[in-house]
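# A look at the structure
Chain by chain, the residues run as shown.
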Amino acid sequence: MLIDSYDRVVDYIRVSVTERCNFRCNYCMPEKPFSWVPKENLLSFEELFEFMKVAIDEGVKKIRITGGEPLLREDLDTFIKMIYDYAPDIDLAMTSNGYLLKGTAKKLKDAGLKRINVSIDSLKPEVAQQIAQKDVLKNVLDGIEEALAVGLKVKANMVPMKGVNADEIADVLEYCKARDITIRFIEYMENAHAKADIKGLKSDELLSILREHYDFEDEGFDGSSPSHYYRMKDGYRFGIIEPYGDDFCKQCNRIRLTAEGHLIPCLYFDEAMSIAEAVKRGDIKTAALVLKEVVKNKPEKNRWGGEDSELSSRAFYETGG
Ligand code: SAM
Ligand code: SF4
């Protein structure tokens with residue numbers, strides 16, 4: 001079992017399989033050229049899988065595949081199947097922008113994927129296009145319908161921004177509610193890569209907008225999820241992710257692996273250790289030692305919003321959000 005210095009059990013790893021993306025979201029990577037990541041720096045699926053086996057053997061029970069856009073990585077279903085065949089009971093999930101889901105959802109489900117989180121920042125084609133810098137909405141919504149149809153459990157993420165999509169909070173919630181999709185509103189996290197003029201909504205602002213439409217009760221945190229949940233009178237539950245708080249740090253059970261093999265103990269810290277060399281030369285023992293060291297170094301709380309907080313240079317497309 002992996003236990004950190006604050007007695008938290010670490011049993012969840014988020015694996016970014018690529019930094020590349022087919023969107024250029026204004027809060028994530030608006031300025032990146034479309035082909036900037038040298039493919040040779042990426043760990044192969046075989047190398048990633050060798051490390052996944054180490055993590056599973058050490059007690060990891062949940063793996064989330066993310067990016068960049070994970071569906072840009074060819075043959076992703078083979079990687080999912082490798083993990084599933086090794087550990088069928090693993091909670092195997094993915095976070096995706098959904099653009100390429102249509103036509104692939106069944107393959108992913110058949111390979112062993114159980115759940116998928118898709119970003120829905122707007123239901124208006126022109127606003128979705130303004131955010132992603134590409135005409136994306138139809139593909140995303142078709143992809144979500146297909147994911148639901150093949151039996152994947154779906155959650156949605158929305159980053160509400162003032163003057164952009166804040167007026168659609170209730171509409172996105174209604175779209176999700178009608179399909180039994182849990183929506184989580186994510187407070188915009190400032191970072192050095194995003195467009196400078198973005199103003200995100202903080203949770204109190206989100207809640208007051210939602211209270212204009214609905215009655216709901218605070219349910220607090222659910223297990224190790226960073227999402228603060230609220231339940232409406234009809235039973236529907238929505239979440240708010242408040243990265244500027246540190247309430248969820250007490251239950252944090254996760255670490256992150258980048259596509260190049262950097263193991264990161266906390267989204268909000270720049271410290272990382274690489275497993276790349278060890279994995280590339282088949283030295284699984286060293287990879288396991290690095291894993292234990294990273295878990296040991298996991299900080300007690302995130303640094304954002306604290307006295308020494310500064311604009312994060314860590315890119316979400318690198319860490320997988
Ligand atoms: N491309 C996939 C997607 O968009 O879902 C997976 C990777 S993306 C980095 C993972 C999550 O991070 C998405 O839900 C996205 O909205 C969120 N994200 C990215 N940049 C963010 C920011 N600056 N503030 C809050 N959330 C952010
Ligand atoms: Fe791509 Fe996701 Fe970042 Fe948008 S949030 S640019 S879809 S990685």
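Note that the structure is a prediction, hence the values are computed from the model and not measured.

### Observations concerning the overall build of the protein chain
The helix and strand inventory of the protein chain stands at 10 helices and 12 strands. Its C-alpha atoms give the protein chain a radius of gyration of 19 Å, within 12% of the compact-globule value 20 Å for 321 residues. Referenced to the eigenvectors of the C-alpha coordinate spread, the extents of the protein chain come out at roughly 55 × 45 × 40 Å. Out of the 321 residues belonging to the protein chain, those deemed buried represent 56%. The long-range share in the protein chain, meaning contacts at least 24 apart out of those at least 6 apart in sequence, stands at 73%. Surface exposure of the protein chain reaches about 14100 Å², of which carbon and sulfur atoms provide 48%. Side-chain charges of the protein chain comprise 46 positive and 56 negative groups, with the mean position of each set lying 3 Å from the other.

### Here we look at the packing of helix H1 (residues 45-57) against helix H9 (residues 284-296)
Angle between the axes and distance between the axes are the two parameters that describe a pair of packed helices. In contact at an axis separation of 10 Å, H1 and H9 are set at 55 degrees when each is read in the N-to-C sense. Comparing their axes, H9 and H1 come out oblique. Judged by the sense of rotation from one axis to the other, the crossing of H1 with H9 is right-handed. Across from Glu50, Phe51, Val54 and Ala55 in H1, the residues of H9 making contact are Ile284, Ala287, Ala288 and Leu291. Tallied by class, residues from the contact of H1 with H9 come to seven nonpolar, no polar and one charged.

### Remarks on the site of ligand 1
By nearness alone, 20 residues border ligand 1, and Tyr27, Gly68, Ser119, Asn157 and Met189 come closest of all. Measuring from a nitrogen atom of ligand 1, one finds a backbone N or O atom of Tyr27 at 2.9 Å. Between ligand 1 and the protein, one listed contact pairs an oxygen atom with a backbone N or O atom of Ser96 at 3.3 Å. With the chains in place, 95% of the 540 Å² that ligand 1 exposes on its own is no longer accessible.

### Re the site of ligand 2
Taken together, the neighbourhood of ligand 2 is formed by Cys21, Phe23, Cys25, Tyr27, Cys28, Met29, Gly68 and Asn97. Classifying every residue of the shell around ligand 2 by side-chain character gives six nonpolar, two polar and no charged.

### Overview of the packing of aromatic side chains
The geometry of an aromatic ring pair is captured by the separation of the ring centres together with the interplanar angle, meaning the angle of the planes. Applying the stated criterion to the full structure yields seven aromatic pairs. When the centroid spacing of 5.7 Å and the interplanar angle of 85 degrees are considered together, the rings of Phe23 and Tyr99 count as edge-to-face. Taken together, the residues Phe23 in the loop between strand E1 (12-16) and H1 and Tyr99 in the loop between strand E3 (91-96) and helix H3 (105-111) connect sequence positions 76 residues apart. When its relative accessible area of 6% is taken as the criterion, Phe23 is described as buried. For Tyr99, a relative accessible area of 19% gives the class buried.

### Observations regarding the pattern of salt bridges
One pass over the structure, following the stated rule, counts 19 salt bridges. For Asp142, the salt bridge goes to Lys102, with nearest N and O atoms at 4.0 Å. With a gap of 40 residues between them, Asp142 in helix H5 (residues 137-149) and Lys102 in the loop between E3 and H3 connect regions that are remote in the sequence. Three or more residues joined by partner-sharing salt bridges are found here, namely Glu219, Asp222, Arg231 and Arg237.

### Here we look at the sheet that holds strand E2 (residues 62-66)
Taken in spatial order, the 12 strands make up an open sheet running E7-E8-E9-E6-E5-E4-E3-E2-E1-E10-E11-E12, and their pairing is mixed. Strands at the two margins of the open sheet, each flanked by one partner only, are strand E7 (216-221) and strand E12 (273-274). Looking at chain direction, strand E8 (residues 227-232) and strand E9 (residues 237-241) are connected through five bridges and run antiparallel. Considered in E9, the bridge of Arg231 is made with Arg237.

### Regarding unusual backbone geometry
Of all residues except glycine, most have a negative phi; of all peptide bonds, most are trans. Although it is not a glycine, Asp75 adopts a positive phi angle of roughly 60 degrees. In this structure, Gln133 takes a positive phi of about 60 degrees despite not being glycine. Turning to its location among the elements, Gln133 is positioned in the loop between helix H4 (125-132) and H5. The exposure class assigned to Gln133 is partly exposed, which follows from its relative accessible area of 38%.

### Quick word on a nonpolar patch on the surface
Among the surface-exposed residues, Met1, Ile3 and Val9 lie close enough to one another that they form a single nonpolar patch of about 300 Å² accessible area. Along the chain, Ile3 turns up in the segment before E1.

### Re the side chain of Arg24
Within the secondary structure, Arg24 sits in the loop between E1 and H1. At 2.9 Å, the side chain of Arg24 and the backbone oxygen of Cys21 are in polar contact.

### Focus: the pairing of E1
Taken across its five residues, E1 has five buried, putting it largely inside the fold. Side chains of E1 alternate between two faces, with Tyr12, Arg14 and Ser16 and Ile13 and Val15 buried alike. Taken together, the four bridges between E1 and strand E10 (residues 254-257) define a ladder with parallel strand orientation. Within E10, the position partnered with Tyr12 by the bridge is Arg254.

How each quantity is defined
- Residues numbered from 1 in each chain as written.
- Chains lettered and ligands numbered in written order.
- Predicted model: local features only at pLDDT ≥ 70, side-chain atom pairs only at ≥ 80, totals over all residues.
- Heavy atoms only, no water.
- Helix = DSSP H or I, 4+ residues; strand = E, 2+ residues; numbered from the N terminus.
- Rg over C-alpha atoms; globule rule 2.2 N^0.38 Å.
- Buried < 20%, exposed > 50% of the residue type's maximum accessible area, 1.4 Å probe, protein only.
- Contact = heavy atoms within 4.5 Å.
- Areas by Shrake-Rupley, 256 points an atom, 1.4 Å probe, with all protein chains shown as cover.
- Lys, Arg positive; Asp, Glu negative; His and termini not counted.
- Charge placed at Lys NZ, Arg CZ, Asp CG, Glu CD.
- Axes fitted to C-alpha atoms, helices over the stretch in contact; angles between N-to-C directions.
- Parallel < 35°, antiparallel > 145°, perpendicular 65-115°, else oblique.
- Left-handed = near helix turned anticlockwise from the far one by under 90°.
- Nonpolar A, V, L, I, M, F, W, Y, C, P; charged D, E, K, R; others polar.
- Near = heavy atom within 4 Å.
- Polar contact = N/O pair within 3.5 Å; in protein donor to acceptor, adjacent residues only side chain to side chain.
- Phe/Tyr/Trp six-rings, centres within 6.5 Å; stacked < 30°, edge-to-face > 60°.
- Salt bridge = Lys/Arg side-chain N within 4 Å of Asp/Glu carboxyl O.
- Pairing = 2+ DSSP bridges.
- Patch = residues over 30% accessible without salt bridge, like charges linked within 9 Å, V, L, I, M, F, W, Y side chains within 5 Å.

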